[in-house]
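# Coordinate analysis (summary)
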Amino acid sequence: MKPVIVVHGGAGRIFKEREEGCRAGTVRAALQGYGVLKRGGSAVDAVEEAVQSMEDDPHFNAGCGSVLNEKGEVEMDAIIMDGKNLDSGAVSAVKCIANPVKLARLVMEKTKHMLLTDQGAHLFARAMGIPEIPGEKLVTERSRERWRKNLEPDFNPEDFQKDLGTVGAVAIDSEGNVACATSTGGLSNKLIGRVGDTPCIGSGGYADNHSGATSTTGHGESIMKVVLARLILYHMEQGMSPEVAADTALDYMKTRVGGLGGAIVVSKAGEWAARFSTKQMSWAAVKDDELHYGICAGEKHVKSLDEALVSASEGL
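What counts, and where the lines are drawn
- Residues numbered from 1 in each chain as written.
- Predicted model: local features only at pLDDT ≥ 70, side-chain atom pairs only at ≥ 80, totals over all residues.
- Heavy atoms only, no water.
- Helix = DSSP H or I, 4+ residues; strand = E, 2+ residues; numbered from the N terminus.
- Contact = heavy atoms within 4.5 Å.
- Salt bridge = Lys/Arg side-chain N within 4 Å of Asp/Glu carboxyl O.
- Buried < 20%, exposed > 50% of the residue type's maximum accessible area, 1.4 Å probe, protein only.
- Axes fitted to C-alpha atoms, helices over the stretch in contact; angles between N-to-C directions.
- Parallel < 35°, antiparallel > 145°, perpendicular 65-115°, else oblique.
- Nonpolar A, V, L, I, M, F, W, Y, C, P; charged D, E, K, R; others polar.
- Polar contact = N/O pair within 3.5 Å; in protein donor to acceptor, adjacent residues only side chain to side chain.
- UniProt positions renumbered as here; feature names shortened; annotations may be inferred.
- pLDDT = per-residue confidence, 0-100.
- Core = buried A, V, L, I, M, F, W, Y, C linked by side-chain atoms within 4.5 Å.

Within the fold, Ala 121 resides in helix α4 (residues 118-127). For the pair Ala 121 and Val 107, spaced 14 residues apart in sequence, the C-alpha to C-alpha distance is 8.8 Å. Leaving out residues up to four positions away in the same chain, Ala 121 has contacts with Val 91, Val 94, Leu 103 and Leu 116.

Bringing the pattern of salt bridges into the picture now. Taken as a whole and assessed by the stated rule, the structure comprises 16 salt bridges. Its salt-bridge partner being Asp 289, residue Lys 38 comes within 3.2 Å of it at the nearest N-O pair. One end of the pair, Lys 38, is in helix α1 (residues 16-38); the other, Asp 289, is in the loop between β11 (280-287) and β12 (290-296), and 251 residues separate them in sequence. Close ionic contact of Glu 109 with Arg 105 constitutes a salt bridge, the shortest N to O distance being 2.9 Å. Of this pair, Glu 109 and Arg 105 both sit in helix α3 (residues 100-110), 4 residues apart, roughly one helical turn. Residue Glu 109 is classed as partly exposed on the basis of its relative accessible area of 45%. According to the relative accessible area criterion, Arg 105 is buried, its value standing at 14%.

Before going further, it helps to spend a moment on the packing of α3 against α4. When two helices pack together, their arrangement is captured by the angle between the axes and the distance separating the axes. For the pair α3 and α4, the least separation of the axes is 11 Å and the interaxial angle reads 80 degrees. By the angle between their directions, the pair α3 and α4 is classed as roughly perpendicular. From α3, Leu 103, Leu 106, Val 107 and Lys 110 reach across to α4, where they touch Ala 121, Phe 124 and Ala 125. Residue composition of the contact of α3 with α4, by class: 6 nonpolar, no polar and 1 charged.

Before going further, it helps to spend a moment on the side chain of Thr 216. In this structure, Thr 216 sits in strand β8 (residues 212-218). Judged by its relative accessible area of 0%, Thr 216 falls in the buried class. A distance of 2.8 Å separates the side chain of Thr 216 from the backbone oxygen of Ser 203, its partner in a polar contact.

As a further point, take the UniProt feature "binding site: substrate" (unreviewed entry) in the chain. As annotated by UniProt and renumbered to match this structure, "binding site: substrate" (unreviewed entry) occupies Arg 194, Val 195, Gly 196, Asp 197, Thr 217, Gly 218, His 219 and Gly 220. Mapped onto the elements of the fold, Gly 196 is located in the loop between β6 (178-184) and β7 (205-208).

The pLDDT averaged across the chain works out to 93; a share of 95% of its residues lies at or above 70. Low pLDDT (under 50) marks residues 159-163, which in the prediction has 17 contacts with non-local residues, meaning those over four places away or in another chain.

Right, let's get into the nonpolar core. By size, the foremost hydrophobic cluster in this structure holds 55 residues, and its most contacted members are Ile 5, Val 7, Leu 103 and Val 286. Of all the elements, α1 adds the most residues to this core, at 8 residues. In contact with Leu 103, not counting residues within four places along its chain, are Val 91, Val 94, Ile 97, Ala 121, Phe 124, Ala 125 and Ile 130. Counting 34 residues, the second largest nonpolar core, distinct from the first, contains Ala 245, Ala 263, Ile 264 and Val 265.

Here you go:
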């Protein structure tokens, strides 16, 4: 099986000044994840690497770029899933950790549980030797400004909620195993303890070698109502291509509950898609040593892997 990786940097509206940074960040993540696959690494290794790259990039609403809750604090969610055996690990409402996706993988591999939250996740991280960092180190000026504006009495928070940036990755490795990972800071000015779709298996992501893998992004409450990730794979199990399955599920979410979002998908045969019903979604994919990437509907750039690696080192 030829390895494939697809990543997304979140569906919504990406403000003009952030487009290039988001485009470069998703390309960098895809190239790093693909490098893992080319070296013989597993799909799980690859999606963790790709998502960690975006958690470390302040352009995205994950890790160090996470938005703030109503108290002005960062609370993050993440999930990872192995399609080989349906093992999954997730964390929610975690603070003071640079890479929630790494903690989610430890939940998957070191516990009998699938989801740890808040204080329990914090204690587990400490037991696993995950370093704690000051919460302020995860707060960008952009997130702080967004939080302040949302507190103004006449401000419409819906405008800023559209420019978020949950991150995710899906991959298939040379052994034919698939995996997914998703990570987010959630909604700006959310209630303390609010948990969205990201860490919920079947909503924020799902991976099964029998069908494929997907990672979702968009309005979390809508995604949970239709169990979007599992719905996409269900459609693929009925014979739809990744692209048609994603579009069908996203259309259903829009008509049934009025929710917008996006998804990246890889099938068990290595077919892939990056689809969204929002205005934009930054995404990148690598297959057959060829990079594909874009942000706006209909936008698709293609480069050879060698050219892409040079461009990434210099900036797109």
